[in-house]
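# Chains, contacts and geometry: an overview
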Amino acid sequence: MSTSVPIGEFSRLTHLSVKMLRHYHEIGLLEPAEVDAATSYRRYGVGQVPTALLIARLRHLDMPLPEITTVVRAESEEARNAIIAEHLRRMEEELDRTREIVGSLRRLLSQPRIGYEFGRSDQPEQRVAAIVDRVSRDVIDIWCAEAFPRLYGTLGAAGIAPRGPGAATYDDTFFTDDIGEVVAYVPIAGPAPSGLQELTLPAGRFATTVHHGSFTDIDRTYAALGSYVAERETLAPGPVRELYLVGPGDVPDPADYTTELCWPIAG
């Protein structure tokens, strides 16, 4: 059995406050080696120092306490490292997202006005292979990143060639309530393969413009097109469409994305 030290000394050894050590004991994350039955005074084994240091590092990485508990109780080093690696992956994704938002803010401040070209497009009735879901706005990126590879993968496995670029429709509640129906689709000539829905998109007239670059900035293009429609056109019912002319499956750099926005208008 390793040498034990009082909680105050263990605090100095590990740079974890006494208050924090008591909390970790209460939730079962780091239990003392000994607890005096009469005074409830805690003592910790010197052998617990590596675990305490690991907990501190993981807290500095904002890992939730239940996840840290899973790490500490992992049955093997491989299982422990896998949990930590997954958390680091999520942190890297969040860091990339933060950098993208910072870049978007800088562009907004340095280039408050962007010159857009607006047009009209009469789109015919269209048969599509689709994935339809009710999606929250805060996970739309994740949803699309899963839906479109599934769309193209299923079509490819069935030997079906798309008849146009991938696209999506977003109903009004997606914007007004932060959750709504999203239809990810690819135009096709014949029947949709098993695993995908076959839909017929109605013909319609749309006001259009093109968004260049990351989806992080697409709200600016929505604002410009929506303002144009409010000032120059008569709004028609129906979902907004996004046509992904150049998207994540085509180029690696989001700065090279090209998305056509289509806002329904009266004829």
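Owing to the predicted nature of the structure, the values given are computational and were not obtained by experimental measurement.

Conventions used here
- Residues numbered from 1 in each chain as written.
- Predicted model: local features only at pLDDT ≥ 70, side-chain atom pairs only at ≥ 80, totals over all residues.
- Heavy atoms only, no water.
- 1 Å grid on protein atoms, 1.4 Å probe; cavity = no way out; pocket = protein on both sides within 12 Å on 5 of 7 lines; lining within 4 Å.
- Points joined across faces, edges and corners; volume = space filled by probe spheres on them.
- Helix = DSSP H or I, 4+ residues; strand = E, 2+ residues; numbered from the N terminus.
- Nonpolar A, V, L, I, M, F, W, Y, C, P; charged D, E, K, R; others polar.
- Pairing = 2+ DSSP bridges.
- Buried < 20%, exposed > 50% of the residue type's maximum accessible area, 1.4 Å probe, protein only.
- Axes fitted to C-alpha atoms, helices over the stretch in contact; angles between N-to-C directions.
- Left-handed = near helix turned anticlockwise from the far one by under 90°.
- Contact = heavy atoms within 4.5 Å.

Taken as a whole, the largest pocket spans an internal volume of roughly 1700 Å³. Every residue lining the largest pocket is counted, 39 residues in all, and those nearest its centre are Ile140, Asp141, Ile142, Phe215 and Thr216. If you list the elements that add at least two residues to the lining of the largest pocket, you get helix H5 (77–110), helix H6 (140–157), helix H7 (172–176), helix H8 (218–232) and strand E10 (240–246). Split into classes, the residues belonging to the lining of the largest pocket amount to 21 nonpolar, 5 polar and 13 charged. Reported here for the second largest pocket is a volume of approximately 290 Å³. Along the walls of the second largest pocket sit 15 residues, with Ile114, Tyr116, Val210, His211 and His212 positioned nearest its centre. Looking at the lining of the second largest pocket element by element, the count peaks at 4 residues for strand E9 (residues 204–212). Its residues placed into classes, the lining of the second largest pocket shows 3 nonpolar, 8 polar and 4 charged.

With that settled, the discussion passes to the pairing of strand E5 (residues 126–136). Across 5 bridges, E5 lies against strand E8 (residues 197–201) in antiparallel orientation. Of the residues in E8, the one forming a bridge with Arg127 is Thr200. Pairing of E5 with strand E7 (residues 179–187) involves 9 bridges; the strand directions are antiparallel. Paired with Ser136 across the bridge in E7 is Ile179.

One non-glycine residue, Ser40, adopts positive backbone phi at about 60 degrees. Within the secondary structure, Ser40 is located in the loop between strand E2 (34–35) and strand E3 (42–45). For Asp178, which is not glycine, the phi dihedral falls at a positive 65 degrees. Looking at the element boundaries, Asp178 is found in the loop between H7 and E7. Among the residues examined, Asp178 registers a relative accessible area of 44% and is labelled partly exposed.

Moving on, we come to the packing of helix H3 (residues 49–60) against helix H4 (residues 65–72). Interhelical geometry of H3 versus H4 gives an angle of 145 degrees and a closest axis separation of 10 Å. Note on packing geometry: the crossing formed by H3 with H4 is right-handed. Judged by residue contacts, Thr51, Leu54, Ile55, Leu58 and Arg59 of H3 engage Leu65, Ile68, Val71 and Val72 from H4. Considered class by class, the residues forming the contact of H3 with H4 number 7 nonpolar, 1 polar and 1 charged.

You can see Ala184 is positioned in strand E7. Residue classification places Ala184 among the buried positions, given a relative accessible area of 0%. For Ala184 and Arg127, which are 57 residues apart along the polypeptide, the C-alpha to C-alpha distance reads 13 Å.

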